[in-house]
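Summary of structural features
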Amino acid sequence: MTPACAKVLSDVRRRALRAHLRAALRPRAERDRFIYDQTFHNDIEAVAFFLAEKTGEIPDFATPKTYTEKLRGQFLTHPNPLMAIAADKVAMRDYCALFDLPIQPPRLLAVHDSPHTLDPRDLPEAAMIKISDGCAMNLLHSPKTPVTRRRYRRFLRTFWHIDHWRRHAELHYRDIPKRLLVEEALLPAEDIPQLGVYCVTGTPYMIFAPPARMAALRPELAPLERQNGRVSTPLSDLASPEELERMLDTARKLSAALFHCRVDFMRVGGRLYLGEITLSPRGHHDWLEPFALERMRGDLLDMSRLPEYVEKGRTIAKALNLSPDTSYGHFAGDPRLTTAGQ
C-alpha cells in the first residue's frame, strides 16, 4: 500500500467510525445519509475509497487505465441517466418494452410508492415483494412462506430505511425512486440457476454462472475465466445452443445503449426469465489477480466513447418521459479525480 493511500484510508476510516457511533442515536431513516455525509467530504472521495480499500492504491479517475477505475470513474465524469433507469426494478421494464426481447422479466403485479399501501392480505398465492432501489431486498410470499403483516413489518424495519447507493458509493442508484414492487414469484425460489452475460458497448464477452463458473465468448479473453478462483466452463455446460442464442440476443439489445453492464437471467422449470440489468457487478471495487487480467479486462473499455453513451442514455430517458439529467457526477476536469477527492 502506498503511503498516500494509507493516509487517505486512515482519515476516512476514522471519520466513518465516529459517524457510525453518532448515527446510532439518530432515527433509522437518517442513519445512512448521516454516515455518508460525515464520512466523505465529496462523492469523489466516496467512489475512490471503496476501490482504494481493496487495491491499496489511490485510483486515477482522470486518466483511468484499469477496468475498475474506468467503470467507477464513469459515475463521476460521465453520469448517464440510463444507468438508473436500467437498475430500477420498476423502470427497467419500461426500458425492456422498447425492444422485442426473446426473454422477458417476471410479470409485474403491482407498484407501491408507499409501503403502507401494500396489504399482505391482498397478495396473490405466490409473489415476490422487492424494493426498487437496492440489491437483495426481497420478500417471498408463497403457500409455504406466507407473508403475514408481522413478517411484512419486519421486512420493512430491516430494509426500507437503507440508502443502497451510499453503502458502496454506487452513485447511479441515487436517482432510483424508492418504491415497492410486487412481481410474479418464480418457484421453487430456494435454488434458481442464474446466468449473467457481461457486455461492453452492446457486445457480450463473458458468461458468469454463480458461484464460480465462467465462460469467455472470445478466445483471447479465455484467461479471464480463471479470475479469482473461478473455473473455466464450456458453454455447453451452461446453456443449450437455443438458450444461449436467446440470452445473447436479449443481452445485445439491452446493452446496446449502455457502456458496460451484466444482463442476468434465471432458469425455472425449463424456462428462462430476465432477472436484472446489473450496472456495477460486485460494486466495481476490486481488482483481478494477477494484475495482467485487470489490464486485459480494462482494455475492453474505450473511454473515448463514453460521451456517445451518455447521449444515448439521455435520448432514451426522454423517450420514456423520464429525466435526462442526473443528480450525481459532473466532476469531469476536477483535479481531485487523481487524489481520491482530497
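Our structure is the block above this text.
Described below are features of the structure shown in this document.

How each quantity is defined
- Residues numbered from 1 in each chain as written.
- Predicted model: local features only at pLDDT ≥ 70, side-chain atom pairs only at ≥ 80, totals over all residues.
- Heavy atoms only, no water.
- Helix = DSSP H or I, 4+ residues; strand = E, 2+ residues; numbered from the N terminus.
- Rg over C-alpha atoms; globule rule 2.2 N^0.38 Å.
- Contact = heavy atoms within 4.5 Å.
- Areas by Shrake-Rupley, 256 points an atom, 1.4 Å probe, with all protein chains shown as cover.
- Pairing = 2+ DSSP bridges.
- Axes fitted to C-alpha atoms, helices over the stretch in contact; angles between N-to-C directions.
- Phe/Tyr/Trp six-rings, centres within 6.5 Å; stacked < 30°, edge-to-face > 60°.
- Lys NZ or Arg CZ within 6 Å of the ring centre and 35° of its normal.
- Buried < 20%, exposed > 50% of the residue type's maximum accessible area, 1.4 Å probe, protein only.
- Lys, Arg positive; Asp, Glu negative; His and termini not counted.
- Salt bridge = Lys/Arg side-chain N within 4 Å of Asp/Glu carboxyl O.
- 1 Å grid on protein atoms, 1.4 Å probe; cavity = no way out; pocket = protein on both sides within 12 Å on 5 of 7 lines; lining within 4 Å.
- Points joined across faces, edges and corners; volume = space filled by probe spheres on them.
- Nonpolar A, V, L, I, M, F, W, Y, C, P; charged D, E, K, R; others polar.

With that settled, consider the overall build of the protein. When helices and strands are tallied, the protein shows 12 helices and 10 strands. Over its C-alpha atoms the protein spans a radius of gyration of 20 Å, differing by no more than 12% from the 20 Å that the globule rule assigns to 342 residues. Judged by the C-alpha coordinates and their principal axes, the protein covers about 55 × 55 × 40 Å. The long-range fraction of contacts in the protein, counting pairs at least 24 apart against all pairs at least 6 apart in sequence, stands at 68%. In the form shown here, the protein has an accessible surface area of approximately 15700 Å², with 53% of it arising from carbon and sulfur atoms.

It is worth spelling out the sheet that holds strand E1 (residues 108-112) at this point. Strand order in this open sheet of 4 strands is E1-E4-E2-E3, and the pairing throughout is antiparallel. The open sheet has two free edges, formed respectively by E1 and strand E3 (138-141), since each of these has just one partner strand. Here the strands of the sheet are splayed against their neighbours by 20° on average, with no regard to which way each runs. Taken together, the 4 bridges between strand E2 (residues 127-131) and E3 define a ladder with antiparallel strand orientation. In the strand pairing of E3, Lys 130 is matched with Asn 138.

Let us now look at the packing of aromatic side chains. According to the stated counting rule, one finds 10 aromatic pairs in the structure shown. Three or more aromatic residues joined by ring pairs make a cluster, and in this case those are Tyr 36, Phe 40, Phe 49, Phe 50 and Trp 165. The ring of Trp 165 has Arg 174 sitting right over it, with the charged end atom 4.1 Å from the ring centre. Cation over ring: Arg 230 sits above Phe 208, and NZ or CZ is 4.7 Å from the ring centre.

Quick look at the side chain of Glu 170 now. Within the fold, Glu 170 resides in the loop between helix H8 (164-168) and strand E4 (180-184). At 6.1 Å, Arg 72 is the nearest oppositely charged side chain to Glu 170, a buried residue that forms no salt bridge. Not counting residues up to four positions away in its chain, the partners in contact with Glu 170 are Phe 75, His 164, Trp 165, Ser 280 and Gly 283.

Our focus in this paragraph is the layout of surface pockets. Roughly 920 Å³ of volume is contained in the largest pocket. Along its surface, the largest pocket is lined by 43 residues, and Cys 135, Ala 136, Gln 194, Asp 264 and Glu 276 are the ones closest to its centre. For the lining of the largest pocket, the secondary structure elements donating two or more residues are helix H5 (81-87), E2, H8, E4, strand E5 (194-200), strand E9 (260-268) and strand E10 (271-278). Of the residues assigned to the lining of the largest pocket, the class counts are 20 nonpolar, 10 polar and 13 charged.

Moving on to the pairing of E5. By the criterion of burial, E5 is predominantly enclosed, with 6 of the 7 residues buried. Pairing of E5 with E9, which is carried by 7 bridges, proceeds in the antiparallel orientation. Counterpart to Gly 196 in the pairing with E9 is Asp 264. Sheet analysis places E5 next to strand E6 (residues 203-209), joined by 5 bridges and oriented antiparallel. When the sheet's bridge partners are listed, Cys 199 is paired in E6 with Pro 204. Connecting the antiparallel pair E5 and E6 is a turn made up of 2 residues, with Thr 201 showing a positive phi of about 45°.

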